[in-house]
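# Breakdown of the fold
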Amino acid sequence: MSAQFPAARPRRLRRTPAMRRLVTGVWLHPEQLILPVFVKEGIAEPQPVASMPGVVQHTRDSLRKAAHEAAAAGVGGIMIFGVPEEKDAFGSAADDPDGITQAALRDVVAEVGDALVVGADTCLDEVTDHGHCGVLTDSGEVDNDATLERYAAMAVAQARAGSQLVAPSGMMDGQVRAIRRALDAAGFANVPIMAYSVKYASGFYGPFRDAVETPKNFGDRKAYQQDPAGPVGEALREVRLDLDEGADIVMVKPALAYLDILRQVRDAVDVPVAAYQVSGEYAMIEAAAANGWIDRERAIMESLVAIRRAGADMILTYWATEVARRL
Ligand code: PBG
């Protein structure tokens, strides 16, 4: 035997499936996955979302079925995005007790009860005719403080409809505090807030715009979402502010392009951290797989493991039910 034979042989632990399983360091469990779902008011059949193959805008009925399937697969949560038939500048559907999100919340809670956590997106872009996450001033800017009042009313309407978690995603300053106060005052002190604390103005949200029918000419969200090349420290600042305001869970979004930020946040806080594998991340893998360019299942699992390894305690992913079944 040569004097330089490798004494250390990491490959010893990789040789067989059983050995690899024994030394697994990053685990994915169904209950760590949250399924985002779209539900459209007034449609008779589920509508495919063209840029998200396999994802649909649900009818209220098909959503109940999807929620049931997610629960049966052991998925940890479901996040509802309601798309109303009529949108207006104020986002009236947001806090209408009969608005589509509230109706869907009641349906899903009736269907799955406590089998998984039922939550809703607490943001106006799905319900405004201009497509922005807030109400606008006369000059067309998003009015931060007027929007807070809408979010507060929206969160209370969602809680009244049975939401077990509210998730403000609009990146208005002070949104967590405004929602916490309103929930507490309305008797919902036990409803937690999953704050989209770190949210970048990302090109990876493109397909989501199809899913919630954002108007084509709406522009962008760069004046309220973070710049991908923004100030160092901004992510932690946003997280700190949200924790001060009462956030129970903080989120980083998108996931794959911001794994460094996810790790920073995980190391800095003592609350659970969520990551959102967004529509564009989904679409990229689906499109490449449809072309036969990558192995779909391997790429899905690898991306989720990467997000877990970077520190996510839970992951919002459109593949939640499928992956939960496979685990
Ligand atoms: C805002 C919201 C968006 C997404 C989730 N919540 C759009 C945005 O922030 O611009 C995107 C999710 C995705 O792309 O999958 N309500």
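As a starting point, this report considers the structure included with it. (Residues numbered from 1 in each chain as written. Predicted model: local features only at pLDDT ≥ 70, side-chain atom pairs only at ≥ 80, totals over all residues. Heavy atoms only, no water.)

## Describing the overall build of the protein chain
On a plain count of helices and strands, the protein chain comes out with eleven helices and ten strands. Relative to the 2.2 N^0.38 estimate, which gives 20 Å for 327 residues, the radius of gyration of the protein chain is 20 Å and therefore close to what a compact globule would have. Taken along the three principal axes of its C-alpha coordinates, the protein chain extends 80 × 45 × 40 Å. The proportion of buried residues among the 327 residues of the protein chain is 53%. For the protein chain, the share of sequence-separated contacts (at least 6 apart) that also reach a separation of at least 24 residues comes to 75%. Accessible surface for the protein chain amounts to roughly 15100 Å². Of this, 52% is attributable to carbon and sulfur atoms. Across the protein chain, the centroid of the 34 positively charged side chains sits 12 Å from that of the 45 negatively charged ones. (Helix = DSSP H or I, 4+ residues; strand = E, 2+ residues; numbered from the N terminus. Rg over C-alpha atoms; globule rule 2.2 N^0.38 Å. Buried < 20%, exposed > 50% of the residue type's maximum accessible area, 1.4 Å probe, protein only. Contact = heavy atoms within 4.5 Å. Areas by Shrake-Rupley, 256 points an atom, 1.4 Å probe, with all protein chains shown as cover. Lys, Arg positive; Asp, Glu negative; His and termini not counted. Charge placed at Lys NZ, Arg CZ, Asp CG, Glu CD.)

## Some remarks on empty space enclosed by the protein
For the structure on display, the rule yields two cavities of 30 Å³ or more. In this structure, the largest cavity encloses a volume near 130 Å³. Every residue lining the largest cavity is counted, 19 residues in all, and those nearest its centre are D125, K199, F208, R221 and K253. Taken as a whole, the second largest cavity spans an internal volume of roughly 60 Å³. Forming the boundary of the second largest cavity are 13 residues, of which G82, A94, T101, V127 and M154 lie nearest the centre. When contributions to the lining of the second largest cavity are tallied by element, the ones reaching two or more residues are β4 (77-83) and α3 (100-112). (1 Å grid on protein atoms, 1.4 Å probe; cavity = no way out; pocket = protein on both sides within 12 Å on 5 of 7 lines; lining within 4 Å. Points joined across faces, edges and corners; volume = space filled by probe spheres on them.)

## Topic: the site of the ligand
Around the ligand, the surrounding shell holds 18 residues, and the nearest of these are D125, K199, R221, K253 and Y318. Side-chain polar atom of S169 to a nitrogen atom of the ligand: 3.0 Å apart, as the coordinates give it. Between the ligand and the protein, one listed contact pairs an oxygen atom with a side-chain N or O atom of Y318 at 2.6 Å. Burial of the ligand by the protein amounts to 100% of the accessible area it has alone, namely 400 Å². Because more than half of its atoms lie within 2 Å of the grid, the ligand is assigned to the largest cavity. Among the residues making up the shell around the ligand, the classes are represented as eight nonpolar, three polar and seven charged. (Near = heavy atom within 4 Å. Polar contact = N/O pair within 3.5 Å; in protein donor to acceptor, adjacent residues only side chain to side chain. Sits in = over half its atoms within 2 Å of the grid points. Nonpolar A, V, L, I, M, F, W, Y, C, P; charged D, E, K, R; others polar.)

## Brief notes about the packing of helix α7 (residues 234-245) against helix α8 (residues 259-268)
Between α7 and α8, whose axes approach to 10 Å, the crossing angle comes to 40 degrees. When the axes of α7 and α8 are compared, the pair comes out oblique. Where α7 crosses over α8, the two elements pack in a sense that is right-handed. Where α7 abuts α8, its residues A235, L236 and V239 lie against I261, Q264, V265 and A268. Residues that form the contact of α7 with α8 fall into these classes: six nonpolar, one polar and no charged. (Axes fitted to C-alpha atoms, helices over the stretch in contact; angles between N-to-C directions. Parallel < 35°, antiparallel > 145°, perpendicular 65-115°, else oblique. Left-handed = near helix turned anticlockwise from the far one by under 90°.)

## A few points about the packing of helix α2 (residues 60-73) against α3
It is at 9 Å that the axes of α2 and α3 come closest, and there the two elements cross at 40 degrees. For the element pair α2 / α3, the angle class is oblique. Pair α2 / α3 crosses with right-handed handedness. Contacts between α2 and α3 involve R60, L63, R64, A67, H68 and A71 on the former and, on the latter, I100, A103, A104, D107, V108, A110, E111 and V112. By residue class, the composition of the contact of α2 with α3 is nine nonpolar, one polar and four charged.

## Brief notes about the environment of V271
Looking at the element boundaries, V271 is found in the loop between α8 and β9 (273-276). Beyond its immediate stretch of four places on either side in the chain, V271 contacts L243, D248, V250, R266 and D313.

## What about the environment of V75?
Topologically, V75 is positioned in the loop between α2 and β4. Counting along the chain gives 42 residues from V75 to L33, while the straight-line C-alpha distance between them is 5.6 Å.

## Description of the packing of aromatic side chains
Two aromatic rings, taken as a pair, are described by how far apart their centres are and by the angle between their planes. Inspection of the entire model under this criterion finds nine aromatic pairs. With a centroid separation of 5.6 Å and 45 degrees between ring planes, the pair formed by F38 and F81 is classed as tilted. Taken together, the residues F38 in strand β1 (residues 33-40) and F81 in strand β4 connect sequence positions 43 residues apart. The buried category is assigned to F81, whose relative accessible area is 2%. Through a chain of ring-to-ring contacts, the aromatic side chains of F38, F81, Y196, F208, Y276, Y282, Y318 and W319 assemble into a single cluster. The lysine or arginine in question, R150, covers the ring of F90, its NZ or CZ lying 3.9 Å from the ring centre. The ring of Y205 has K199 lying over it, and the distance from NZ or CZ to the ring centre is 5.7 Å. (Phe/Tyr/Trp six-rings, centres within 6.5 Å; stacked < 30°, edge-to-face > 60°. Lys NZ or Arg CZ within 6 Å of the ring centre and 35° of its normal.)

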